[in-house]
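# Descriptive analysis of the structure
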Amino acid sequence: MLNSQSRTQICRLRPAAYILIPSTAIQTQDIIFQSSDGMHFKVHSPIIRLASDDFARVLNVSGASSPNPDQQAAVKLKEDQAIVKALLDSIYPRRSPPKLHPFSFVCRLASAAGKYDILDATHRIRASISRELPASSGTSLQHYALASGQGWESDARYASRFVPPPNPENPVEKPTLESMDTKSLLKLMDLHRCRHDMAIKAMTISYDKNAAKQTRQDHLRWEVIAKGHAGNCVSTAYDKAAWAAFQLHLLTEVDKLSPVDFEQRLKNGFWDGGELKALWDNKCTKCSKPFFNQRKSCKGVSAYCETFSNGSRLDCAPIEHPLARSICIRLST
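Calculation rules
Residues numbered from 1 in each chain as written. Predicted model: local features only at pLDDT ≥ 70, side-chain atom pairs only at ≥ 80, totals over all residues. Heavy atoms only, no water. Salt bridge = Lys/Arg side-chain N within 4 Å of Asp/Glu carboxyl O. Helix = DSSP H or I, 4+ residues; strand = E, 2+ residues; numbered from the N terminus. Buried < 20%, exposed > 50% of the residue type's maximum accessible area, 1.4 Å probe, protein only. Pairing = 2+ DSSP bridges. Axes fitted to C-alpha atoms, helices over the stretch in contact; angles between N-to-C directions. Polar contact = N/O pair within 3.5 Å; in protein donor to acceptor, adjacent residues only side chain to side chain. Arc of directions from axis to C-beta.

## Concerning the pattern of salt bridges
In total, this model carries 15 salt bridges according to the counting rule given. Residue Arg161 is joined to Glu263 by a salt bridge in which the shortest nitrogen-to-oxygen separation is 3.3 Å. Note that Arg161 is positioned in the loop between helix H8 (153–160) and helix H9 (174–179) and Glu263 in helix H14 (residues 259–267), a separation of 102 residues in sequence. A single burial state applies to Arg161 and to Glu263, both of which are buried. Bridged by salt links that share partners, the residues Lys85, Asp89 and Arg95 form one connected network.

Written as structure tokens, this is what we have:
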């Protein structure tokens, strides 16, 4: 069993440096890893084997283990020194975890951690994507692309909630979109197409109080958005141009914002814009009262918009991620 002094010495791993530890604790570094850019890392095979079956297979194939420094042959890895060091920092106890910055490094680390099955590194990267830990680098689109590429389905679904509709004309987004596999890109595009279609469907008002349940679920209901007027007057001759302006205003926000940002927009400033003034000022020619009560209309429309915003109405498979209760990706195959 290792005493505290031995563990401390083991944790002081540094590239290209021997660390002398008591022979009774654990054999000294008997393996040399060589990064793709030529840096040597002297490590302990028992620790490496315990940490990763994949690393253990590499060592078994190479047969490079030797306690004699003069007889040690380097095990050549395809990863550069920054990635190798980050993997070892994730393996050895009491090492500072690798900093997840810049995002290009995070992507390379994720691939290497998956290749060698280094769970600590993988878990930290996934936690940063799922917002369990603060994301230190990368955009929401990059987080989605990484999670999709690594097969982290629940994290990809969660990250999609923060991704606005993709724009291939945007030079910042274009490299990330081009790096994504076709299936993941189509899922993202399908998400935003569904949001757009659901918004259009919702804006078609249902006037029948006795309509089928599905119809009442899919459309805004007149008795809700015109509450106050609808209970006292049978007229529905509201200004269709004002309503069309409202529809356009809503769809514009849906088509430029992520689901999460759209939810926030509905709560902060959307209803106060001058684009909707004509709607609130529109009065019935029969009873001289406004067709739409602003407070009731905002509440009714917001409640429905949150449905197609957070994706709970989309055809999705259940997900396990505790932070991703509202799914935003259709899982059509």
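## A short note on the sheet that holds strand E3 (residues 74–76)
Ordered by their spatial adjacency, three strands build an open sheet running E2-E1-E3, and the pairing between neighbours is mixed. Each of the sheet's edge strands pairs with one partner strand only, and the pair in question is strand E2 (40–43) and E3. For this sheet, the mean inter-axis angle between neighbouring strands, taken without regard to orientation, is 30°. When strand E1 (residues 31–34) meets E3, the two strands line up parallel, connected through three bridges. Looking at the pairing, Ile32 lines up with Ala74 of E3.

## Section: the side chain of Ser52
In this fold, Ser52 is placed in the loop between helix H2 (45–51) and helix H3 (53–62). At 2.4 Å, the side chain of Ser52 forms a polar contact with the backbone oxygen of Tyr116.

## Points about H14
Within H14, burial applies to Pro259, Val260, Phe262, Glu263 and Leu266. An end-on view of H14 places all buried positions within 165° of arc, on one side of the element. The positive-phi residue at the C-terminal boundary of H14 is Gly269, with phi of around 100°.

These figures capture arrangement, not role.
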